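Survey of secondary and tertiary structure
Each chain, written out:
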Amino acid sequence: MPDPNGFLRYDRRLPARRPVPVRISDWREVYPPAGEELIREQATRCMDCGIPFCHDGCPLGNRIPDWNDLVRTGNWDAAVESLHATNNFPEFTGRLCPAPCEAACVLGIGGGQPVTIKQVEVEIADAAVARGGLRPRPVPAPTGRSVAVVGSGPAGLAAAQQLARAGHAVTVYERDDAIGGLLRYGIPDFKLEKQHIDRRLAQLAAEGVQFRTGVDVGVDVTAEQLRAEHDAVLLACGALQGRDTPETPGRQLRGVHQAMAHLVAANRVVAAAGDGRPALAVLSDGTPIDAAGKHVVIIGGGDTAADCLGVAHRQGAAGVHQLDLYPEPPQTRDAARDPWPTWPWVLRSYPAHEEGGERVFAVAVQEFVDDGTGQVKGVRIAEVSVEKRDGRRIVTPLPGSERELPADLVLLAIGFEGTEQQPLLEQFGVRRNARGAVDARPDWQTDADGVFVAGDMHRGASLIVWAIAEGRAAAAAIHAYLGGVGELAAPVDPARQPLAAR
C-alpha cells in the first residue's frame, strides 16, 4: 500500500541543474542523475489516488502510481517492467515530454505541487540501463509478414518495436544519414544525449528490426517498390513543414532562417565532434548558421524557441532576444480558463532561460531590417494585442510602440504547418488535409488500403508521448490487418484528443 502521508512529509523537489557557467561550455545534459534517496522521497509523495487522473493526462496510459510505489519500496526491477509495459522509450519521454500527467496529478488541485512524475520516470529508465542494459526480446516464431516503416522518429520506432516483437519482419526507412528523426538532429544534446538513442537502436536491431538510412521513399525507392516488398506500410514522417512569415518585409534577407535549420546544423556539429570529425554549423548549401558573436533574435515562445536559445548560448552569441506574440502568461493556473486536470496556460521557463537572453512578450515583427547588402541587421518590432474573432487570430499593433532590436541572425520558431508535401504522398495516393496532416480511418489506415499513418504526420506537431502512443496503436492495427495472433496494446484511437474543458 502506498504511503498516504508522503505528500505531507515531503515537498516537491528536483535535482539541481548543472551550474550555468559549466553547462554552457559543453553540450551534455543539463540535469545530472538524481540520487536514489531523492527519487524514493519524491515517489513516496504519490498516494495512489482512487481515480488517478495522471492516467488520463498521459495518452500512453502509463501505470504511474504502480511504478511510483515500486520505487518507494526499492523494487527497481519491477518498476522497470511496469514502466516498459506501456512505454517503449521512457528514457526519451522522461527527458523531453512536458508531462501532461503532472498537470493532471491530484496533488496539483488548488495550486498544490504535483508529484515529480517525469523525474521518477527518467530515473527508472536509466536504472534499466544500469541494472543490466536494455535486454532485447527477440520473437520466438516469425509470422512471415513484412512491414515497412517510413520515418524513424518516436512514432516509427515505437511501431517498429511492437511489430517486431509480434513476429513481423520490420524495415525502417530513413532519408537522413542516421536513425532517430527529430530525436537525432532536432533535439539538442543538452536535452537528450544521443547515447540514449543508440542504446535503444541496438535493442531494436537485436530484436530483428532492419534500418535503411539515406533512403528517401518516393525518390530513391518508389511507393510501388515498397508495396511489392512489404505486406503493409506505416507512414511516420513527422510534421516538419515549418510555419513561415513571407509577408513580413525583409523576410528574404540573409540571416533569417527557420529555427529547425539552426538546430539541425548545430546537432550535426556536435555529432561530428563526437566522432572526432571537424564540422561547421552550416546549411546544406554551405551557408553558415552559427550564432557565435552574433546578436540573435528568436521569434516564438515554445519548446523549439527555447532549444534555439540554449544552442545560441553554447555557440557564444553576443546577445539573444526571444520574442513572443502573446502576453506573458500567469505564474499559476487560471482555473476559470484551464480547470484542473487540463493542460494549463502558465509561464514556462526552460533551463535555457536561466542561461541568459531576454524574453519580450506581446510583440510582433514589423520588418526585418536590411544592412544595405541584403543581410539582416535588425528587426523592427511593435507591441501588439491579440484576440480571436470567428476562429481567426487578429493581431493589432499599438501605435507609437515600434522599436528596433539588433539582429545578425533571426530564427523563426513559430510552429509547424504539418507534414511536408513530398513525392511519396502522391505515389501512395495520400492527401494532406487542411491542417497539413494525413487523415486516418478508425483502423489507422489512410485513403490507401494497407498504408497506415501515425505520429505528427497524422496529428500535426505534438508531444513525444503522443507520437509513441500513436505508434503503438498503429502497430496494433497493422498486426490485426496482417492477421496476427492476439492483440497488441492500442492506447489511443485516431480521434483521441488531450484532456480539455468542454
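Everything that follows concerns the structure shown earlier in this document.
This write-up is about the structure you can find in this document. As the structure is a prediction and not an experimental result, all values here were calculated from the model.

Considering the sheet that holds strand 2 (residues 169-174)
- If you trace the five strands from one edge of the open sheet to the other, you get 3-2-1-4-14, paired in parallel fashion. Looking at strand neighbours, the two that pair on one side only are strand 3 (210-213) and strand 14 (451-453), the edges of this open sheet. The sheet shows a mean angle of 20° between the axes of neighbouring strands, taken without regard to direction.
- Of the strand pairs in this sheet, strand 4 (residues 232-235) and strand 14 are connected by three bridges, and their pairing is parallel. Counterpart to Val233 in the pairing with strand 14 is Val451.
- This element, helix 10 (residues 154-165), spans strand 1 (146-150), strand 2, strand 3 and strand 4 of the sheet and lies at about 165° to strand 2.

Some words on the environment of Arg472
- Mapped onto the fold, Arg472 is located in helix 18 (residues 464-481).
- When neighbours within four sequence positions are excluded, Arg472 is seen to be in contact with Leu60, Ala85, Thr86, Asn87, Asn88, Ala158, Gln162, Ala489 and Pro491.

Topic: the sheet that holds strand 8 (residues 358-361)
- One open sheet holds the five strands; their spatial order is 5-13-6-7-8, and the pairing between them is parallel. With partners counted over all chains shown, the strands left at the sheet margins are strand 5 (256-258) and strand 8, one partner each. Between one strand axis and the next, the sheet turns through 20° on average, direction left out of account.
- Contacting strand 6 (295-299), strand 7 (319-324) and strand 13 (409-412), helix 15 (residues 303-315) runs over the sheet at an angle of about 175° to strand 7.

A few points about the pattern of salt bridges
- Inspection of every chain in the model, using the stated rule, returns 32 salt bridges.
- Between Arg268 and Asp176 there is a salt bridge whose closest N-O contact spans 2.5 Å. Residue Arg268 is located in helix 14 (residues 259-274), and its partner Asp176 is located in the loop between strand 2 and helix 11 (182-185); the two are separated by 92 residues in the primary sequence.
- Taking the relative accessible area as the measure of exposure, Asp176 reaches 25% and is therefore partly exposed.
- Linked by salt bridges that have partners in common, Arg17, Arg23, Arg314, Glu354 and Glu355 make up one network.

Examining the packing of helix 5 (residues 64-72) against helix 6 (residues 76-84)
- Interhelical geometry of helix 5 versus helix 6 gives an angle of 165° and a closest axis separation of 8 Å. Between helix 5 and helix 6, the angle is such that the two are roughly antiparallel. Between helix 5 and helix 6 lies a crossing of left-handed hand. Between helix 5, through Asp66, Trp67, Leu70 and Val71, and helix 6, the contact on the second element is made entirely by Trp76, Ala78, Ala79, Ser82 and Leu83.
- Here the residues of the contact of helix 5 with helix 6 sort into seven nonpolar, one polar and one charged.

Looking at the side chain of His479
- Within the secondary structure, His479 sits in helix 18.
- Given a relative accessible area of 2%, His479 falls into the buried group.
- Non-local contacts of His479, meaning those with residues more than four positions away in its chain, are made with Leu163, Ala166, His168, Gly484, Val485, Gly486 and Leu488.

A look at the side chain of Glu121
- Tracing the sequence through the fold places Glu121 in helix 9 (residues 117-130).
- In terms of polar contacts, Glu121 uses its side chain to reach the side chain of Thr93, at 2.8 Å.
- Beyond its immediate chain neighbours, meaning those up to four positions away, Glu121 contacts Asn62, Trp67, Leu83, Asn87, Pro90, Thr93 and Gly94.

Remarks on the packing of aromatic side chains
- With the rule as written, the count across this model stands at four aromatic pairs.
- Between Phe53 and Trp340, the ring centres sit 4.8 Å apart and the planes meet at 65°, which makes this aromatic pair edge-to-face. Here Phe53 is found in the loop between helix 3 (36-44) and helix 4 (54-57), whereas its partner Trp340 is found in the loop between strand 7 and strand 8, with 287 residues between them in sequence.
- Exposure remark for Phe53: the relative accessible area of 27% places this residue in the partly exposed category.
- Residue Trp340 is classed as partly exposed on the basis of its relative accessible area of 22%.
- Above the ring of Trp466, the side-chain terminus of Arg459 is found at 3.8 Å from the ring centroid.

Thresholds, definitions, all that
Residues numbered from 1 in each chain as written. Predicted model: local features only at pLDDT ≥ 70, side-chain atom pairs only at ≥ 80, totals over all residues. Heavy atoms only, no water. Pairing = 2+ DSSP bridges. Helix = DSSP H or I, 4+ residues; strand = E, 2+ residues; numbered from the N terminus. Axes fitted to C-alpha atoms, helices over the stretch in contact; angles between N-to-C directions. Contact = heavy atoms within 4.5 Å. Salt bridge = Lys/Arg side-chain N within 4 Å of Asp/Glu carboxyl O. Buried < 20%, exposed > 50% of the residue type's maximum accessible area, 1.4 Å probe, protein only. Parallel < 35°, antiparallel > 145°, perpendicular 65-115°, else oblique. Left-handed = near helix turned anticlockwise from the far one by under 90°. Nonpolar A, V, L, I, M, F, W, Y, C, P; charged D, E, K, R; others polar. Polar contact = N/O pair within 3.5 Å; in protein donor to acceptor, adjacent residues only side chain to side chain. Phe/Tyr/Trp six-rings, centres within 6.5 Å; stacked < 30°, edge-to-face > 60°. Lys NZ or Arg CZ within 6 Å of the ring centre and 35° of its normal.

Any functional reading would require information beyond the geometric quantities listed.
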